[in-house]
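The chain contents come next:
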Amino acid sequence: QVQLVESGGGLVQAGGSLRLSCAASGSTFSINTIGWYRQAPGKERELVAVFGSGGSINYADSVKGRFTISRDYVKNTVYLQMNSLKPEDTAVYYCRADTFYKTTWSYWGQGTQVTVAS
C-alpha cells in the first residue's frame, strides 16, 4: 500500500504562487504513476499534472505554462509549483498514486485546499 500526505495549500491573491507537496510512504517502489488532481465545488475531479509510467508528464491544458510538476525520488515527494494563479484554480488539490498488481490500484491523499482570491 501507499500513503500520501499533501501540504502547502492556502489562500493567495490572483497572480500569486503556491507550491504543493505530496509525501509518499509505504510501497513507493511499486508506484507507476503519481500526480495531482483537483476538485472545485460542484465540479468533477480533474487531472492537473501527472507523471506517467516511463517518466512522461501530462498537464491539463488549463494549467500549461503556469504549473510545474516535479519529483524528488530521495524524499519520495512530488511537488506542484503553481504560478500566475487564477480564481478558477480554486479547488481541493489531491495527490494520487497508481500501482499495478494484477490490476491497477489507486491511492489518494486527503487533499489540500487552494483558494485564489480575485
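In what follows, the structure referred to is the one given above.
Residues numbered from 1 in each chain as written. Predicted model: local features only at pLDDT ≥ 70, side-chain atom pairs only at ≥ 80, totals over all residues. Heavy atoms only, no water.

**Side note on the pattern of salt bridges**
When their charged atoms lie close together, side chains carrying opposite charge are able to pair. Counted according to the given criterion, the structure contains 5 salt bridges. Two residues, Arg38 and Asp89, come together in a salt bridge whose shortest N-O distance is 3.0 Å. Separated by 51 residues along the polypeptide, Arg38 in strand S4 (residues 31-39) and Asp89 in the loop between strand S8 (77-82) and strand S9 (91-101) bring together distant segments of the chain. On the basis of relative accessibility, which here comes to 7%, the residue Arg38 falls in the buried class. Classification of Asp89 by relative accessible area gives buried; the value is 1%. For Arg66, the salt bridge goes to Asp89, with nearest N and O atoms at 2.8 Å. Residue Arg66 is found in the loop between strand S6 (57-59) and strand S7 (67-72), and its partner Asp89 is found in the loop between S8 and S9; the two are separated by 23 residues along the sequence. The exposure class of Arg66 is buried, given its relative accessible area of 10%. Look at the salt bridges and you will find they share partners, linking Arg38, Glu46, Arg66 and Asp89 into a network. (Salt bridge = Lys/Arg side-chain N within 4 Å of Asp/Glu carboxyl O. Helix = DSSP H or I, 4+ residues; strand = E, 2+ residues; numbered from the N terminus. Buried < 20%, exposed > 50% of the residue type's maximum accessible area, 1.4 Å probe, protein only.)

**Considering the nonpolar core**
In this structure, Leu4, Trp36, Leu80, Met82 and Tyr93 are the most contacted members of the largest nonpolar core, which totals 29 residues. Elements with a contribution of two residues or more to this core: strand S1 (2-7), strand S3 (18-26), S4, strand S5 (46-51), S7, S8, S9 and strand S11 (112-117). Not counting chain neighbours up to four residues away, the residues in contact with Leu4 comprise Cys22, Ala23, Ala24, Ile34, Cys95, Arg96, Ala97, Tyr107, Trp108, Gly109 and Gln110. (Core = buried A, V, L, I, M, F, W, Y, C linked by side-chain atoms within 4.5 Å. Contact = heavy atoms within 4.5 Å.)

**Here we look at the packing of aromatic side chains**
Applying the stated rule across the entire model yields 2 aromatic pairs. Considering the side-chain rings of Tyr37 and Trp108, the 5.3 Å spacing of their centres and the 70 degrees angle between planes classify their relative orientation as edge-to-face. Remark: Trp108 occurs in strand S10 (residues 103-108) and Tyr37 occurs in strand S4; sequence separation between them is 71 residues. On the accessibility criterion, Trp108 (33% relative accessible area) is partly exposed. These aromatic residues form a ring-pair network of at least three members: Tyr37, Tyr94 and Trp108. (Phe/Tyr/Trp six-rings, centres within 6.5 Å; stacked < 30°, edge-to-face > 60°.)

**Focus on unusual backbone geometry**
The general pattern is negative phi for most residues beyond glycine and trans for most peptide bonds. Non-glycine residue Asn76 carries a positive phi angle of around 50 degrees. One can find Asn76 in the loop between S7 and S8. Even without being a glycine, Lys102 presents a positive backbone phi close to 65 degrees. Looking at where Lys102 falls in the secondary structure, it is placed in the loop between S9 and S10.

It is worth stressing that arrangement in space is one thing and function is another; only the former is reported here.
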